[in-house]
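What follows is the residue order along each chain.
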There are 2 protein chains.
Amino acid sequence: MLELFYVLAIIVAIGAFALAFFLAKSVKKMESSNKKITSVGKMIKEGANAFLKCEFKALSKFVLVFMVVLFVFLPKPLWKYDSFVDIWPNLLMSIAYLLGTCCSGLAGKIGISIATTANVKTAEAAKKGIKPAFLAGFRGGAVMGMAVVGSSLLGVTLLFWLVYELTGSATILLGFSFGASSMALFAKAGGGIFTKTADISADLVGKVELGIPEDDPRNPAVIADNVGDNVGDVAGMGADLFDSNVASIVAALVLAISLNPGYIPVVFCYSALGLLASIIGILMARMGKSGNPTRALNNSTYVTTGIFLVTTLIATIFLDVSGKWYIWGASVLGLSVGVIIGIATDFFTDDRRKPVHNVAKASESGPAFTILSGTAYGFISALPAMLGIAVAALGSYLLCYQIDGTTTSGMFGISMAAVGMLSIVGMIISNDAYGPIVDNARGLAEMGGLGDDVIEITDSLDSAGNTVKAVTKGFAIAAAGLTVIALLGTFMSEVNSAAIEMGKLDAIITGFDIMDPVVFFGILIGGVLPAVFSALLILGVNRNAQRMVDEIHRQFKEIPGLKEGKEGVNPEYEKCIDIATKGALKELLPAGITAIGLTLVVGFVGGVKAIGGFLLGNIVVGLFLALFMSNAGGLWDNTKKYIEAGHHGGKGSDTHKATVVGDTVGDPFKDTAGPSINTQITVVSLVSSLTAVIFLSFHLFG
Amino acid sequence: MLELFYVLAIIVAIGAFALAFFLAKSVKKMESSNKKITSVGKMIKEGANAFLKCEFKALSKFVLVFMVVLFVFLPKPLWKYDSFVDIWPNLLMSIAYLLGTCCSGLAGKIGISIATTANVKTAEAAKKGIKPAFLAGFRGGAVMGMAVVGSSLLGVTLLFWLVYELTGSATILLGFSFGASSMALFAKAGGGIFTKTADISADLVGKVELGIPEDDPRNPAVIADNVGDNVGDVAGMGADLFDSNVASIVAALVLAISLNPGYIPVVFCYSALGLLASIIGILMARMGKSGNPTRALNNSTYVTTGIFLVTTLIATIFLDVSGKWYIWGASVLGLSVGVIIGIATDFFTDDRRKPVHNVAKASESGPAFTILSGTAYGFISALPAMLGIAVAALGSYLLCYQIDGTTTSGMFGISMAAVGMLSIVGMIISNDAYGPIVDNARGLAEMGGLGDDVIEITDSLDSAGNTVKAVTKGFAIAAAGLTVIALLGTFMSEVNSAAIEMGKLDAIITGFDIMDPVVFFGILIGGVLPAVFSALLILGVNRNAQRMVDEIHRQFKEIPGLKEGKEGVNPEYEKCIDIATKGALKELLPAGITAIGLTLVVGFVGGVKAIGGFLLGNIVVGLFLALFMSNAGGLWDNTKKYIEAGHHGGKGSDTHKATVVGDTVGDPFKDTAGPSINTQITVVSLVSSLTAVIFLSFHLFG
């Protein structure tokens, strides 16, 4: 019976790959004739590949270290085995970890490869009109969506099939999930540093100092900037959602096993149907007669949501487990709340709404007021999402609590709400990856001199990308929020399994009491971690941008004819790409070490109870900061665009300059620090679950 | 026996009043001859009094409403009494509430009254040298310190004596504490909006648009700005620390009663000795031969700390209760951690340290980088305080847990750590109130044309005020942090007393479990409240500043000769004061209503468990935001001053302009929103404790 669902999941995952292959082929065979565009496109592709190569190299050292650590300590320390033959679970754990990084990395590689082709094709297709251009951009993005969700579902299913048969537990899947998190840490935080380093430096020297337009080919950082869109927004975001998706499924599986293994099929069924819904949604995506790309993107999301609701409804009728409607209800609640959060969050960044208008008005008094009012709206913007997550968590817990009246059933409900929310993640990634592709296409159209009409078309595609991005980002953070709450349940469940195995029955925990000082201690420290983590990333961007600005200055000084735009004189683009790449990985290290190190310190001081509190503090402040930074960044970006559209004095006015300051502050907020917090929380949650055994044995207090 | 300690506390409190009286007299009889200074000083005094009058008027309506509500519902609803004669506890509760507002208001009134005299005297004394000027400023501030701590200790002691004899409980003291919180909400948040409205508008039109110096008498907002220093930093800060001080003592008393009434004398003894230490510290404050005002201020703090440690050590030897050394240890731990937090926090705002230097360097690239790097350091600056609070809470809990091994004993330990940390609050307030007095004196010296030498002296006094302020602010937030943790214990204790009285023994709670979805629901919503609260205050400042800027423009346009500084032409200062006053109280309302309203909503949805979570989320995010905003604001302020001292191009350079943007952003951060969060948390904690009974009877889930 269970095998049937494994096979279903595998078939749908293979279907996703087939669709990705078909879409990639259709994008590749589109026309590209403009020599300049082709050559710049090639440079972007090479730059992105150079970053990936460098990232994978850095990651591989990291992976190697962790593989050894996992092998020695987990699921239980090597010296606790009776015989050498029995150590295979440890071997499996470290292989699962490797597999997690590889699956995520592979999806990123595929996505980047097609995204850096689709950008060229979109620019060229825009010559024929908005519809073919939209299709090129959308299909390029959909390849990433399908690759990410396909490989995550395939990896989880195959591994679970093997591991569950062998061990009857899903603990080893946490290794897979941790692998995905490691990849996400490098891809999202590292990519985020890369993209903003390049963006900020290009703007600082190009737009501010020299007054040359965005995407001007004389600017040595311009290719790095375009590469950054791909590595930050395509590969980084893909790895982030790969991570969340895997974590939500794994959390649900771990909880299902300790609740009632009869629920395992439900998890696979819903995940597979979510991917199926995304496949159909992508196939049905068309631009209507209106030629409105935003509507086309949103419609495909709504179609996917609808298909998921209907197909899971039908499937649930045929499922043969008790309490199945509670589970369905939890998933539907999760998904609905996700969509509502997306829409509510959009309010704070939409340039037709009050927040953007008010910030634009305040900017008339200078940049300090852009920052102050934007910060204030950013703070408030966290309210709907936090409220939504609170309601979804409470509702899904109370629903599934009725299954057997235990905490585990309630937490399983939350994990299924997360699975429901993430069911349409294939569609979300597609829409999200569409953004940088059309953004690149706009730059290429400018550099290739395709004329104002074409640039206008790519502009309208780009603007749709920004609008949709705001919604999907809110969605992604909310989904990550629910997932990490479920991971809190997973952590407790892991602690208890370990306690039982070790015969320490008095160590079994039924919860984490706020009034327990050890828990409280953990909460306060966990609460400050996301702030320190994002501060280190922001400082990293600053430092790295400084290096790149120096390099740009050097090139303009030392390369004769560059500033004047003399024919045949080209800047050394690759040097800027190199700085962005190396700096990104270097600046990422302190943040990563702080996150993992602080977890271990808290664990050794206060044991598993302190870690429970630590995770909670981390989730609450982390969610808030992620929402604040992402939304404030989006708000400032759109305020600048609103001014540029001719309001309050338009481009070049003092008000415009004030909003440029806001936009520059918002860039690392929304593209580096904000979205990396998701990953930080997941990494810390998984490290905690994995090391639960160790902290059960050694700790100072509590 | 207990009466002895009441009498001790009362005598020390009266001693504080006597010292305040003596200091006030000595300040008043100092010379003031300069006519211009006297007349401007008079305007400031009148402005401050006008604000206080308006504030008290607005507050009195609020107080009236709450008195009725408290009378009807608390400690138990009127209809639950058997006979009309028995309702006196409800009457007492509403009188206690009134008393709380009055004691705090009286202290504020006394403090403001002397501060607005001392500023004139300090300016004049500076003609004779730094020592007499320092003495005038310090004594003026000390009056506020003595008035606040004296009246809080006197109020609590007398009320407790009465109430405890009558009811055997300290619940009614929560009403007194809530009264102090209500006053703090108006004084701190309202005063904060007032001061920043005036400051920002004066700078925007004066310095930025017209290029006239700070404190130029032509600027219609200049008096409002000076008034703002007094109402925000003297009265507001005083009410805030009155509130924290009362809350910490009341929390300790409530917990002592439910643990072992034998500990009540310890609470009074330590509080009285803390005040005594501050009295001696103030009497011993002298400026050494070095003429360094910072050292003089810090030395008096260290002297006070030392005296507290020694006198409590001796007193503890003679105290006749078991486990007394645990309690002493907890207090000492609290105080030591407070001092360490103060010093560590200073690192992030000190202009001789790396953070200020790095932000100054980053500012060379423009204001966006001032904001980004300042935000990053602000985030990191929360780490030492959060860590310190975590360690103090854990340590003091574990110490006192050994008394009888119950949660109550542990929470009593935390409350005694808070009492220890706040023991030197008299000294802290004195140092803090010194700041605005010498700041005012600097402005008066400028307006009165006392010459460069005198201005230099007032400048060095002012700079010492800023340095000390950074330390005391970190201290105040940490103390508030520990106090609200203790209030969490008080809340639980109140819930249980109510449950026992209602015969609902199954409603007794031993803690709040994170894994309980109702608690989690509360945590997420409590976490977002401080953000929304501070956002509303910041938006309020923006809106109000806009009104005042319009008024300043009008005056410069409509009053002939004003801009040119024609002899005898004066701006209409009182109009600006009026706008600041009315706007402050108007803009405060939405924030206050949101805080109290959200508490009630969460309580009605999830009952006392949700409120427990709500308080926790509120504390964690609130502490973080308060620390971030206060420290980032201080950092930006000092970075600007560092540039003005001639670094990175000095005054007038682009780097300087960038740091001015940072300073303007930081102003409402550090003087409005950041410090108001303390008050918000305390208000919410007390509302929760007071309404515990109601939520025990009515709620939807959990």
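What you see is a predicted model, and the numbers here were worked out from it, not measured in a lab.

The helix and strand tally for chain A stands at 17 helices and zero strands. For 702 residues, the compact-globule estimate of 2.2 N^0.38 gives 27 Å, and chain A sits close to it at 24 Å. When the backbone C-alpha atoms are referred to their principal axes, chain A occupies close to 75 × 50 × 50 Å. Carbon and sulfur atoms provide 64% of the accessible area of chain A, an area that totals close to 22000 Å². A gap of 5 Å separates the mean positions of the 49 positive and 53 negative side-chain charges of chain A.

At the junction of the two partners, chain A supplies 70 residues and chain B supplies 70 residues. Across the interface of chain A and chain B, roughly 6100 Å² is buried in total on both sides, 88% from carbon and sulfur atoms. Summed over the three residues of chain A that lose the most area to chain B, namely Leu372, Met515 and Leu524 of chain A, the buried surface amounts to 12% of that side. One can count zero salt bridges joining chain A with chain B. Applying the counting criterion to the chain A and chain B interface returns four residue pairs in polar contact (both at pLDDT 80 or more). Of all the secondary-structure elements, those providing two or more residues to the side of chain A that touches chain B are helix H5 (171–210), helix H11 (367–404), helix H12 (407–421), helix H14 (452–501), helix H15 (517–558), helix H16 (573–644) and helix H17 (654–697) of chain A. Considering every element that reaches the side of chain A that touches chain B, the biggest residue donor is H11 of chain A, with 21 residues.

Residue placement: Asn570 of chain B occurs in the loop between helix H15 (517–558) and helix H16 (573–644). In contact with Asn570 of chain B, other than residues within four places in its own chain, are Ile559 and Leu562 of chain B.

Another point: the environment of Gly150 of chain B. Residues and elements named next belong to chain B. For Gly150, the position within the fold is in helix H4 (residues 130–167). C-alpha of Gly150 to C-alpha of Val69: the two residues are 81 residues apart in sequence and 29 Å apart in space. With near-sequence residues (within four places) excluded, Gly150 lies in contact with Ala13, Ala16, Phe17 and Leu275.

All right, on to the pattern of salt bridges then. Residue and element names in this part refer to chain A. In total, this model carries 48 salt bridges over all chains according to the counting rule given. Note that Lys670 is salt-bridged to Asp667, the shortest N-O span being 2.9 Å. Placement of both Lys670 and Asp667 in helix H17 is noted, with a separation of three residues, approximately one turn of the helix. Comparing Lys670 with Asp667 shows no difference in burial state: the two are buried. Beyond isolated ion pairs, a larger network of salt bridges with shared partners links Lys196, Asp199, Asp637, Lys641, Asp667, Lys670 and Asp671.

So, on to the environment of Gly448 of chain B. Residues and elements named next belong to chain B. Tracing the backbone through its elements, the reader meets Gly448 in the loop between helix H13 (425–447) and helix H14 (452–502). Gly448 gets classed as buried once you look at its relative accessible area, which sits at 17%. Among residues more than four places away in sequence, those in contact with Gly448 are Asn34, Lys36 and Ile37.

On to the confidence of the model for chain A, then. The share of residues in chain A with pLDDT of 70 or more is 100%, and the mean pLDDT across the chain is 88. At the level of chain-chain contacts, confidence expressed as ipTM amounts to 0.90, with global pTM at 0.91.

A rotation about some axis, followed by a shift along it, carries one copy of the chain onto the other. The two copies are related by a screw operation: chain A maps onto chain B through 180 degrees of rotation and 0.0 Å of translation along the axis, at an RMSD of 0.0 Å. Such a combination of rotation and displacement between the chain copies is what one expects of a two-fold axis. In terms of proximity to the rotation axis, the leading residue of chain A is Asp513 of chain A, whose C-alpha is 2.2 Å off the axis.

Relative to the helices and strands, Ser181 of chain B is located in helix H5 (residues 171–210). Residue classification places Ser181 of chain B among the buried positions, given a relative accessible area of 0%.

As a further point, take the packing of helix H2 (residues 35–73) of chain B against H16 of chain B. Residue and element names in this part refer to chain B. Contact geometry for H2 and H16: axes closest at 10 Å, N-to-C directions at 30 degrees. Between H2 and H16, the interaxial angle falls into the category roughly parallel. You can see that H2 and H16 cross each other, and the crossing is right-handed. Contact with H2, carried on its side by Met43, Gly47, Phe51, Cys54, Glu55, Ala58, Phe62 and Phe66, involves Tyr573, Ile577, Thr581, Ala584, Leu585 and Ile596 of H16 and no other residues of that element.

Okay, unusual backbone geometry next. In this structure, His648 of chain A is a non-glycine residue whose phi angle is positive, near 50 degrees. Relative to the elements of secondary structure, His648 of chain A occurs in the loop between H16 and H17.

As a further point, take the packing of aromatic side chains. Using the criterion set out here, one finds 50 aromatic pairs over all chains in the structure. Through a chain of ring-to-ring contacts, three or more aromatic side chains come together here, namely Tyr6, Phe160, Trp161, Tyr164 and Phe268 of chain A.

Our next topic: the state of the cysteines. Residue and element names in this part refer to chain A. Counted under the stated rule, the structure contains zero disulfides over all chains. In this structure Cys102 is not part of a disulfide, and its nearest cysteine sulfur, from Cys103, lies 7.2 Å away. A relative accessible area of 42% means that Cys102 is categorised as partly exposed. Not engaged in a disulfide, the cysteine Cys400 finds its nearest cysteine sulfur in Cys269; these two sulfurs lie 15 Å apart.

All names here are of chain A. Axis separation between helix H7 (residues 264–284) and helix H13 (residues 425–447) bottoms out at 7 Å; the angle between their running directions is 40 degrees. As far as their axial angle goes, H13 and H7 are oblique. Packed against H7, whose contacting residues are Ser278, Gly281 and Ile282, the element H13 presents Gly426, Met427 and Ser430 at the interface. The class makeup of the residues in the contact of H7 with H13 is two nonpolar, four polar and no charged.

Bringing a nonpolar patch on the surface into the picture now. Residue and element names in this part refer to chain A. Taken together, Val310, Leu313, Ile314, Ile317, Phe318 and Trp325 make up a surface patch of nonpolar side chains, about 600 Å² in accessible area. Counting residues per element, the nonpolar patch draws most heavily on helix H8 (residues 293–318), which supplies five residues. Mapped onto the elements of the fold, Phe318 is located in helix H8. Judged by its relative accessible area of 68%, Phe318 is exposed.

Right, let's talk about H5 of chain B for a bit. All names here are of chain B. Compared with the 58 Å implied by 1.5 Å per residue over 40 residues, the 56 Å span of H5 between its first and last C-alpha is a close match. Residue Asp203 marks the point of greatest curvature in H5, where the axis turns by about 30 degrees. Of all 40 residues making up H5, 36 are buried, and the element is well covered by its neighbours. Of the residues one or two after H5, Gly211 is the one with positive phi, at around 70 degrees.

Turning our eyes to something else, we now look at the side chain of Glu55 of chain B. Residues and elements named next belong to chain B. In this structure, Glu55 sits in helix H2. Salt bridges are absent for the buried Glu55, whose nearest opposite-charge side chain, Lys109, sits at 10 Å. The residues touching Glu55, leaving out its near neighbours within four places in the chain, are Met183, Phe186, Ala187 and Leu585.

About the thresholds
- Residues numbered from 1 in each chain as written.
- Chains lettered and ligands numbered in written order.
- Predicted model: local features only at pLDDT ≥ 70, side-chain atom pairs only at ≥ 80, totals over all residues.
- Heavy atoms only, no water.
- Helix = DSSP H or I, 4+ residues; strand = E, 2+ residues; numbered from the N terminus.
- Rg over C-alpha atoms; globule rule 2.2 N^0.38 Å.
- Areas by Shrake-Rupley, 256 points an atom, 1.4 Å probe, with all protein chains shown as cover.
- Lys, Arg positive; Asp, Glu negative; His and termini not counted.
- Charge placed at Lys NZ, Arg CZ, Asp CG, Glu CD.
- Contact = heavy atoms within 4.5 Å.
- Buried area = accessible area lost by both parts, 1.4 Å probe.
- Salt bridge = Lys/Arg side-chain N within 4 Å of Asp/Glu carboxyl O.
- Polar contact = N/O pair within 3.5 Å; in protein donor to acceptor, adjacent residues only side chain to side chain.
- Buried < 20%, exposed > 50% of the residue type's maximum accessible area, 1.4 Å probe, protein only.
- pLDDT = per-residue confidence, 0-100.
- Least-squares fit on C-alpha atoms with pLDDT ≥ 70 in both.
- Axes fitted to C-alpha atoms, helices over the stretch in contact; angles between N-to-C directions.
- Parallel < 35°, antiparallel > 145°, perpendicular 65-115°, else oblique.
- Left-handed = near helix turned anticlockwise from the far one by under 90°.
- Phe/Tyr/Trp six-rings, centres within 6.5 Å; stacked < 30°, edge-to-face > 60°.
- Disulfide = S-S within 2.5 Å.
- Nonpolar A, V, L, I, M, F, W, Y, C, P; charged D, E, K, R; others polar.
- Patch = residues over 30% accessible without salt bridge, like charges linked within 9 Å, V, L, I, M, F, W, Y side chains within 5 Å.
- Expected span 1.5 Å × (residues − 1).
- Bend = angle between axes of the 7 residues up to and from the residue.

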